[in-house]
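Coordinate analysis (summary)
Residues per chain, in single letters:
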Amino acid sequence: MISSTNGQVCSGVPSVFLPSFLPSFRNRLGFPRASRWRTTRGDLETFRRYVDSGHSVLRRVGTGASSLQLCSDQAAFVFGGDLFDRGPGDLQLAKELVGLKQRYPDRVFLLMGNRDINKMRLTAELSDYAMNRTPSEAFKPWWDNKAMDLVKYLRKDNKEDSRVNRLKWMLHHTLGSPAAFDFRRKELANFSRGLEISDEEVLESFLESVLQPEGAVQSYLRHAQLGLVIGDTLFVHGAAEERALGFVPSHQTRYVKNKREDLLKLPGSQKGLDLRQWIDALNRFAEEEVNAWCLDPGWQPCGRRGGEALMAYQSRPAMALSTVVVSSYVDGKNMPTRKAIDKDVFEGQRKCSDPLSKTVVEYLLRGGVRRVVVGHKPCGEAPAVLRTETVRGGYEVISGDTNYASIKDERHMRGGAWCEVRLSLGAVSSQARLRGALPDSGERYDVRLMPLGKSDGWPPGDPRVGRQAKVGQEWLWVRLKLENGTYLLSSGRNRSSNSTTLKAADFEVTDPPPALMKS
């Protein structure tokens, strides 16, 4: 969520993604100095913990459908996307967020994540037309050659070819959400006060969510957007990937493996847009694609389907990495190394985007942006931060998806973690503040980063967070300063990471970060 109140911009994170804004947004709301934003990623339990934390710009007044409210006339709020798949609460969370957006259309904004967009596939792949095709003719997860196909799935345990089993197969083997079917069953059971929920009722709920205008997925997507620029900060779901800058796909883009040069040649594609034009155009593209999907949700005779270009935009190989939705800065729950950027491959594309790409930094600076806030890929127990003074006035990247933060709580992947990234935006400067708790120890943190731009009038910022320090033979990222005065440092690779706490006297930071420097 991103929220705004009391002249500060706050971006609270489990994960980050947001819509297009004009600088006049905060003036329209009458912010004297800035706006306050907060971002988070879907799961009802974490969302309620945020609302009840005492730091939220949201509050509950009463118990009715409109009980969720902004806490003041100067508050704004953006939800970052990836609402679905993260727990038994998708339907309720979607209802609350869409209702909030409808009550505050100019001050509440919802963003699309890949887990929201990919649910568009259900309408065609579970249609009557699809069910009349043999399992061997079912749409295949072409991007993952290790995924089990439908024929093998049905043969295992001698399953019948039914919509229920095709949905279970899709969720488990093509959508990366193996627990989603049971999560939905639990949520429906909660609604029915403990009655047993059949597989068919779960199927019906999933279909209603995408086929009905008031359904959770369809209503969320109709109210959502792809990116946000406000002040000196860009918010996107994945990363400000170099190949994606200034590029808007054609509505003729197919959800297949594509080459970048072919994407650029398609009629209606746009390239070379400046930053704010680009974000606005991306949001128009997404809106038009959602409308096309709502009007024509099934397979067309030519083999296409409504909204296909947006489905492609959340796929790395379909976009040849020219996307801000599923590109990523994070590797090993930390900012990446040169190896993860230059050599490692995922789904046939570079594994990580370069957070200090000269091309990207210069493009963003021309658009008045010197901070990027993202989510998408889990960064562990605390935000992953890059801060450098090698760019005049400073530059920083903050990744805040704290999914999989806990190593003890298998039921709730974040454990007791919560995180707020508060951005205070002035006319020519800004400052980020990180506040929250670690997932398993519960240790608290509340640390300001050094201001960006002209720093007059801001509270002192910590000069260590977001830098690298050499500890023994290893370069570690300085993640946070804890309330007890020690610092959390970490390193990682792939899906594993190691962390330690040290006193400030026990390490020295360097800038620029050695992990990102080309040899």
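Every value quoted in this text rests on a predicted model; they were computed, and no experiment measured them. (Residues numbered from 1 in each chain as written. Predicted model: local features only at pLDDT ≥ 70, side-chain atom pairs only at ≥ 80, totals over all residues. Heavy atoms only, no water.)

1. A short note on the side chain of Ser328
Rules: In this text, helices come from DSSP runs of H or I with a minimum length of four residues, and strands from runs of E with a minimum of two, each type numbered from the N-terminal end. We call two N or O atoms a polar contact when they sit within 3.5 Å, provided that within protein one can donate a hydrogen and the other can accept it, with sequence-adjacent residues counted only if both atoms are side-chain atoms. Residues are treated as being in contact if the distance between any of their heavy atoms lies within 4.5 Å.
Relative to the elements of secondary structure, Ser328 occurs in the loop between helix H14 (308-313) and helix H15 (338-342). In terms of polar contacts, Ser328 uses its side chain to reach the backbone amide nitrogen of Val330, at 3.1 Å. Here Ser328 is in contact with Gly238, Ala239, Arg316, Lys351, Cys352, Ser353, His376 and Lys377, once residues within four sequence places are set aside.

2. Considering the pairing of strand S12 (residues 371-374)
Note the following rule: For each residue, the accessible area found with a 1.4 Å probe, counting protein chains only, is set against the maximum for its type, and the residue is called buried under 20%, exposed over 50%, and partly exposed in between. One bridge is not enough; two strands pair if DSSP finds at least two bridges between them.
Neither face of S12 is left uncovered, since the one carrying Arg371 and Val373 and the one carrying Val372 and Val374 both have all their residues buried. Both strand S9 (residues 233-235) and S12 contribute to a ladder of three bridges, which runs parallel. From the neighbouring strand, Thr233 faces S12, where its bridge partner is Arg371. Examined bridge by bridge, S12 and strand S14 (residues 395-399) share four bridges and lie parallel to one another. Paired with Arg371 across the two strands is Glu396, which belongs to S14.

3. A closer look at the pattern of salt bridges
Stated formally: Salt bridges, as used here, are contacts in which a Lys or Arg side-chain nitrogen is within 4 Å of a carboxyl oxygen on Asp or Glu.
Inspection of every chain in the model, using the stated rule, returns 28 salt bridges. Of the charged contacts, one joins Glu96 and Arg48 as a salt bridge, the two residues approaching to 3.9 Å between their closest N and O atoms. Here Glu96 is found in helix H3 (residues 90-103), whereas its partner Arg48 is found in helix H2 (residues 44-51), with 48 residues between them in sequence. Since its relative accessible area comes to 10%, Glu96 is described here as buried. Relative accessible area serves as the criterion here: at 36%, Arg48 is assigned to the partly exposed category. Its salt-bridge partner being Arg371, residue Asp232 comes within 3.3 Å of it at the nearest N-O pair. Of the two residues, Asp232 sits in the loop between strand S8 (228-230) and S9 while Arg371 sits in strand S12, which places them 139 residues apart along the sequence.

4. Remarks on helix H8 (residues 163-174)
Listed as buried for H8 are Val164, Asn165, Arg166, Leu167, Trp169, Met170, Leu171 and Thr174. Buried residues along H8 sit against helix H5 (121-125), helix H6 (128-131), helix H7 (150-155), helix H9 (180-191) and helix H10 (199-211). Backbone geometry just after H8 places Gly176 at a positive phi near 65 degrees.

5. Focus on the packing of aromatic side chains
Defined as follows: Side-chain rings of Phe, Tyr and Trp, where Trp is taken by its six-membered ring, are said to pair if the distance between their centres is within 6.5 Å; with planes under 30 degrees apart they count as stacked, over 60 as edge-to-face, and otherwise as tilted.
What the rule picks out here adds up to 12 aromatic pairs. Ring centres of Trp278 and Tyr363 lie 6.1 Å apart, and the angle between their planes is 75 degrees; this geometry places the pair in the edge-to-face category. Here Trp278 is found in helix H13 (residues 275-295), whereas its partner Tyr363 is found in helix H16 (residues 358-366), with 85 residues between them in sequence. In this structure Trp278 comes out as buried when scored by relative accessible area, which is 0%.

6. Looking at the sheet that holds S9
Note the following rule: Lines fitted to C-alpha atoms define the axes, with helix axes restricted to the stretch in contact, and inter-axis angles between N-to-C directions lie between 0 and 180 degrees.
The strand order S8-S9-S12-S14-S13 describes an open sheet built from five strands, whose pairing is mixed. Taken across any chain shown, the strands that pair with only one partner, and hence form the sheet edges, are S8 and strand S13 (384-388). Strand after strand, the sheet turns through a mean of 10 degrees between neighbouring axes, direction not considered. As paired elements, S13 and S14 share five bridges and run antiparallel to each other. Residue pairing for S14: Ala384 is matched across the bridge by Ser399.

7. Some details on the nonpolar core
Operational definition: Buried Ala, Val, Leu, Ile, Met, Phe, Trp, Tyr and Cys residues form a nonpolar core when they are joined through side-chain atoms within 4.5 Å.
Within the largest apolar cluster, 110 residues are counted, with the highest numbers of intra-cluster contacts made by Leu58, Phe77 and Trp278. Per-element accounting of this core gives the leading share, nine residues, to H13. For Trp278, the residues in contact, after removing those within four places along its chain, are Ala244, Leu245, Gly246, Phe247, Val248, Leu273, Val324 and Tyr363. Phe235, Ala382, Val421 and Tyr445 belong to the second-largest nonpolar core, a separate cluster that totals 28 residues.

8. A short note on the UniProt feature "domain: Calcineurin-like phosphoesterase" (unreviewed entry) in the protein chain
Inclusion rule: UniProt positions are given in the numbering used here, feature names are shortened, and annotations may be inferred rather than shown by experiment.
This chain's UniProt record puts "domain: Calcineurin-like phosphoesterase" (unreviewed entry) on residues 73-147. Regarding residues 73-147, the helix share stands at 36% and the strand share at 9%, and the terminal C-alpha atoms are separated by 49 Å.

9. Concerning the environment of Phe79
Following the sequence through the fold, Phe79 ends up in strand S5 (residues 77-79). For the pair formed by Phe79 and Lys101, sequence separation is 22 residues and the distance between their alpha carbons is 9.8 Å.

10. Description of unusual backbone geometry
The peptide bond linking Asp511 to Pro512 adopts the cis configuration, its omega dihedral lying at 10 degrees. Tracing the chain through its elements places Pro512 in the segment after strand S23 (509-510). In the Ramachandran plot, Lys333 falls in the positive-phi region, its phi being about 60 degrees despite a non-glycine side chain. Structurally, Lys333 is set in the loop between H14 and H15. A positive phi angle, close to 70 degrees, is found at His376, a residue other than glycine. In this fold, His376 is placed in the loop between S12 and S13. Residue His376 is classed as buried on the basis of its relative accessible area, which comes to 16%.

11. Points about a negative patch on the surface
Our working definition: Only residues whose relative accessible area exceeds 30% and that form no salt bridge are eligible for patches; like-charged ones are grouped when within 9 Å, while nonpolar side chains (Val, Leu, Ile, Met, Phe, Trp, Tyr) are grouped when within 5 Å. Here the open area of atoms and residues is found with the Shrake-Rupley method and a 1.4 Å probe, where only the protein chains shown may cover a residue. In this charge count, Lys and Arg are treated as positive and Asp and Glu as negative; neither His nor the chain ends contribute. Note that the charge is assigned to NZ on lysines, CZ on arginines, CG on aspartates and CD on glutamates.
Together, Glu160, Glu200, Glu201, Glu204, Glu208 and Glu214 line one region of the surface with negative charge. Tracing the backbone through its elements, the reader meets Glu160 in the loop between H7 and H8.

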